[in-house]
Amino acid sequence: MSKLLPRRTAIGLVLLCLLAVEPAAAQQSAVCNADKLPSMIEGFFQLTTALGIIGLAVVWQANSLIDMFTLSPDQKKGLKRHKRSALKSAVVLVVLGPLYTVAGSMMGLPLAQCVNLVPW
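Anyway, here's the lowdown on the structure attached to this text. From a predicted model like this one, the values you see are computed outputs, not experimental measurements.

### What about a nonpolar patch on the surface?
Then, number 1: Taken together, the side chains of Trp60, Leu87, Val91, Val95 and Leu99 present a nonpolar region at the surface, about 430 Å² in accessible area.
Then, number 2: Broken down by element, the nonpolar patch gets its largest block of residues, four residues, from helix α4 (residues 73-107).
Then, number 3: Within the element layout of this structure, Leu99 appears in helix α4.

Spelled out as structure tokens, the structure:
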């Protein structure tokens, strides 16, 4: 049951995005018409992505250091789960911007037309 919930949520989100594209595409985006707002959004996304990657490096190194002094197999398994979780979060941060930029421009979302969320 718990494995089905993320899948159902993802499918529902995709359907919502597909259904909500028509009204959003028909309007003129206020974000694109603003002077410096698109560049501020891009800068904020790049900053949060960079901080997330730095956070991953800090968490990874801290877990490796703690792992050297841990004796219990259960604690080692918990640290490995924590490392995997941190890595998944960083991958989501790095992939989310380009995915929105590409998928948003394909769907005709107005924000994707003027804001580039690719962090590099």
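### Digging into the packing of aromatic side chains
Then, number 1: For the coordinates displayed, the defined rule picks out zero aromatic pairs.
Then, number 2: The positively charged end of Lys83 is found above the aromatic ring belonging to Trp60, 5.0 Å away from the centroid.

### Concerning α4
Then, number 1: With 35 residues, α4 should cover 51 Å at 1.5 Å per step; its first-to-last C-alpha distance of 48 Å lies within 8% of that length.
Then, number 2: Considering bend angle alone, the principal kink of α4 is centred on Val95 and spans about 30°; proline Pro98 follows within four residues of it.
Then, number 3: Its buried side turned inward, α4 meets α3 (37-68) and α5 (110-114).
Then, number 4: Structurally, the start of α4 carries an N-cap: the backbone nitrogen of Asp74 is 3.3 Å from a side-chain oxygen of Ser72.
Then, number 5: Following α4 by one or two positions, Gly108 has its phi on the positive side, about 80°.

### Quick notes on the side chain of Asn63
Then, number 1: Tracing the backbone through its elements, the reader meets Asn63 in helix α3.
Then, number 2: The exposure class assigned to Asn63 is buried, which follows from its relative accessible area of 5%.
Then, number 3: With residues up to four places along the chain from it excluded, the contact list for Asn63 reads Leu79, His82 and Lys83.

### Considering the pattern of salt bridges
Where side chains of opposite charge bring their charged atoms close, a pairing between them can arise.
Then, number 1: One pass over the structure, following the stated rule, counts one salt bridge.
Then, number 2: Here Lys76 and Asp67 are joined by a salt bridge, their closest N and O atoms 4.0 Å apart.
Then, number 3: Accessibility expressed as a relative area gives 24% for Asp67, which makes it partly exposed.

Conventions and cut-offs
Residues numbered from 1 in each chain as written. Predicted model: local features only at pLDDT ≥ 70, side-chain atom pairs only at ≥ 80, totals over all residues. Heavy atoms only, no water. Patch = residues over 30% accessible without salt bridge, like charges linked within 9 Å, V, L, I, M, F, W, Y side chains within 5 Å. Areas by Shrake-Rupley, 256 points an atom, 1.4 Å probe, with all protein chains shown as cover. Salt bridge = Lys/Arg side-chain N within 4 Å of Asp/Glu carboxyl O. Helix = DSSP H or I, 4+ residues; strand = E, 2+ residues; numbered from the N terminus. Phe/Tyr/Trp six-rings, centres within 6.5 Å; stacked < 30°, edge-to-face > 60°. Lys NZ or Arg CZ within 6 Å of the ring centre and 35° of its normal. Expected span 1.5 Å × (residues − 1). Bend = angle between axes of the 7 residues up to and from the residue. Contact = heavy atoms within 4.5 Å. Polar contact = N/O pair within 3.5 Å; in protein donor to acceptor, adjacent residues only side chain to side chain. Buried < 20%, exposed > 50% of the residue type's maximum accessible area, 1.4 Å probe, protein only.

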